[in-house]
Amino acid sequence: MIRKLFMTILSLLAVCSLRAQQPDLLRQLSAHPEYLDGTDYLCPADATDLTPAPEGYEAFYISHYGRHGARYAWQSDLYTRLESVLRKAGNKENLTPLGVDYKDRFDRLYPSVYHRTGDLSRKGFRQQEALAARMYANNPEVFGDGAAVRAWTSTSTRCVMTMSAFCLGLKAANPQLDIFEHFGKYYLPAILPLDGSNPFRQGKMTQTPLAFDETWEQYIARTVDYKAILARLFKDPDKALPEKEQWDFVSYLYFFAAGMASLDTDLVFTDLFTPEERIALYRIDNFQFYANAWPTHLGYLPIVDDLVAKAQERIDSGEKGADLRFGHDYTFLPLLMCLGVNGYDRSAVSGDDIENICRLQDVPMGANLHFVFYRNKTSDRILFKVLLNGREARLPITAADGPYYDWETFKRAQAYRPVMGEVETVRTTVPEVSGLCPSPDGKGLLAASDEDGIYQVTLSGETLPFYIESGMDCEAVTIDPKTRDVYYVVEGKQEVRRLKAPKYKKSELLYVLKDAGYGTNSGLEGLTWYQDGTLLVGNQDSPNLLVTYSLKKGEVSRRVLTDTKEIADLCYDPVRDVLWIADSDARTINLCTLEGDVLKSFPVPFIDNGEGLYVDHENQCIWVGDDTTSKLYKIHFSNL
């Protein structure tokens, strides 16, 4: 049977079967039905369109992490298990006509795969040569005179062969290259940090496990009727396999069929499944892959640390070339999570939500992640961009230059790694929560209301008036931690005002922002106490303006921010000396430099209009107020 023809049919049918499901997933699978091979999909090595470097910058170094190339099945018993079950069913005449034809195809293939479990295939070797050729063609200046290429791999044979093939691909492009390949347990911290054979393993760095309402088994049960698949092979599936073994066998059938893409064969085994079933099996594998990786992904931060250290060595020495690392899919996915590549740092809230974050085709055979570094002869600034499988990718840090990121900003983001965890909700009766700060009595919070002023709220939601003026559009509130004076802003009037402790009765006008947002509903929205009698004031948008205001000197500085869509609230964190910015338009809370450049973004899609923000180290959480629902969201963080 011709694979291309079947894939075309599958593409057309997938459109019908998924029309009511996730639209982005539908578009990808209908345009690329080969993605249904999951992690057995072969990473393409074709050229892609890349954004030119900023003027004056030239690439000089690449840091790479790659998954091994195409291989035979990794499960030690997959081929033997299929052979045993099919043979027994055939002997007992328990095969359907399709089952007889399927077994005949399998028997023709079996002798060539029987003893090849886990081996790199010929396709995998050629694939790595092609991926290396693309790396060289995209950045020939990296591999010029004096360039050095260093490679490291896990101790698996297929990874060693992958490294060899990739380095041969570079040698074919430039026989003069200085290349050295490293192998052994000593190098595992930068390749497989959590592997049991890593002698430097520090233990598992875990975070709160995924708290889904359903188990993987329940997700399987509602996603696919796997007994229907078995019924196409066997006249009586229960005679072929015990009930408890039936799902595992179907999963083996799925992986076996997908694995044909890695081998030099024209045999096809996907005809066992309907198009809808292949999609369902893809989704189940996607669910399991993500759910297994997320709880321990922080244990792979040593790879990021190695990336940073080796890149800085090259920057300091000025040496051109590349550092290459080769590992596995179960390491590659957590690395994407650690770095937040294309939003992989977000925790899914349900099995279906996983498909909004994780896609198996991002971790194909030969998956590769490149950090490509650029420097300018007239500047000390280092820029880099990230390529995921040859395509420009996003990081959750400032990107004022498009796909090019500032190296110093990235290093700072990696030095401070708060990790978002569980979320609790607290109901209040504050009319439209628009700003948050600690209460003067240390018991709970003050909440700005854009209807009539400021309220005092306990951490369990009890609400009392604090300072009320009917019709006052109060959008932000903050407090001087020493004097306990309270400051707030009035949008439209563009006023910053003060309530003196301890009575908080008389409001005092301090500052008016006259040249932005005046008389509009896009004016002052953010306010936070900074230090030494200074406030940071945020104008919502048009422009997104960050103003530094001194109680002694007045306005000191201002800066238009470009990394957030808007400023919904501000919170200075004196413990970490960083600024947090709420962006209700993008539905994110953002860890920023004091200048307002984003170091890392945390998506909060579950909050409709997050306009209040307070970093609470005592409770290891960040509080976000929802202007729409008047709820407070208590977002737990580790390493806050």
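In this text the structure is predicted, and so the values were computed from the model without any measurement.

Here we come to the sheet that holds strand 11 (residues 445-449). Taken together, four strands build an open sheet; the order of strands is 10-11-12-13 and the sheet is antiparallel. Every other strand in the sheet has two partners, leaving strand 10 (433-438) and strand 13 (463-468) as the edge strands with one partner each. Averaged over all pairs of adjacent strands, the angle between strand axes in this sheet comes to 30 degrees, irrespective of strand direction. For strand 12 (residues 453-457) and strand 13, the ladder comprises five bridges, and the chain directions are antiparallel.

Where helix 10 (residues 243-259) contacts helix 11 (residues 275-293), the two axes come as close as 11 Å, and the packing angle between them is 105 degrees. One way to sum up the angle between helix 10 and helix 11 is to call them roughly perpendicular. Where helix 10 abuts helix 11, its residues Trp247, Val250, Tyr254 and Phe255 lie against Arg278, Leu281, Tyr282, Ile284 and Asp285. For the contact of helix 10 with helix 11, the residue count by class is seven nonpolar, no polar and two charged.

Next up on the list: the pairing of strand 5 (residues 368-376). With eight of its nine residues buried, strand 5 lies for the most part within the structure. Relative to strand 5, strand 1 (residues 57-67) runs antiparallel, the two being bridged by nine bridges. In the sheet register, Tyr65 faces strand 5, and the bridge partner there is Leu369. Bridge count between strand 5 and strand 6 (residues 379-388): eight bridges; the pairing is antiparallel. In the sheet register, Tyr374 faces strand 6, and the bridge partner there is Leu383. As consecutive antiparallel partners, strand 5 and strand 6 are separated by two residues.

Moving on: the pattern of salt bridges. The final tally for this structure, using the stated rule, is 34 salt bridges. Between Asp306 and Arg325 there is a salt bridge whose closest N-O contact spans 2.9 Å. Taken as a pair, Asp306 in helix 12 (residues 301-317) and Arg325 in strand 4 (residues 321-327) lie far apart in primary sequence, 19 residues in all. Under the relative-accessibility criterion, Asp306 is labelled buried at 14%. A relative accessible area of 2% places Arg325 in the buried class. The salt bridge partner of Glu495 is Arg497, with a shortest N-O separation of 3.0 Å. For Arg497, a relative accessible area of 17% corresponds to the buried category. Members of the salt-bridge network, linked through shared partners, are Glu214, Arg222, Arg283, Asp352 and Glu355.

Looking along the chain, the bond that leaves Ala501 and enters Pro502 is cis, with omega of 5 degrees. Positionally, Pro502 belongs in the loop between strand 16 (495-499) and strand 17 (507-512). The omega angle of the peptide bond from Ser542 to Pro543 is 5 degrees, so this bond is cis rather than trans. Mapped onto the secondary structure, Pro543 falls in the loop between strand 19 (534-539) and strand 20 (545-550). Backbone geometry at Asn342 places phi at a positive 50 degrees, although glycine is not the residue there. One non-glycine residue with positive phi stands out, namely Gln620, at about 50 degrees.

Analysis parameters
- Residues numbered from 1 in each chain as written.
- Predicted model: local features only at pLDDT ≥ 70, side-chain atom pairs only at ≥ 80, totals over all residues.
- Heavy atoms only, no water.
- Pairing = 2+ DSSP bridges.
- Helix = DSSP H or I, 4+ residues; strand = E, 2+ residues; numbered from the N terminus.
- Axes fitted to C-alpha atoms, helices over the stretch in contact; angles between N-to-C directions.
- Parallel < 35°, antiparallel > 145°, perpendicular 65-115°, else oblique.
- Contact = heavy atoms within 4.5 Å.
- Nonpolar A, V, L, I, M, F, W, Y, C, P; charged D, E, K, R; others polar.
- Buried < 20%, exposed > 50% of the residue type's maximum accessible area, 1.4 Å probe, protein only.
- Salt bridge = Lys/Arg side-chain N within 4 Å of Asp/Glu carboxyl O.

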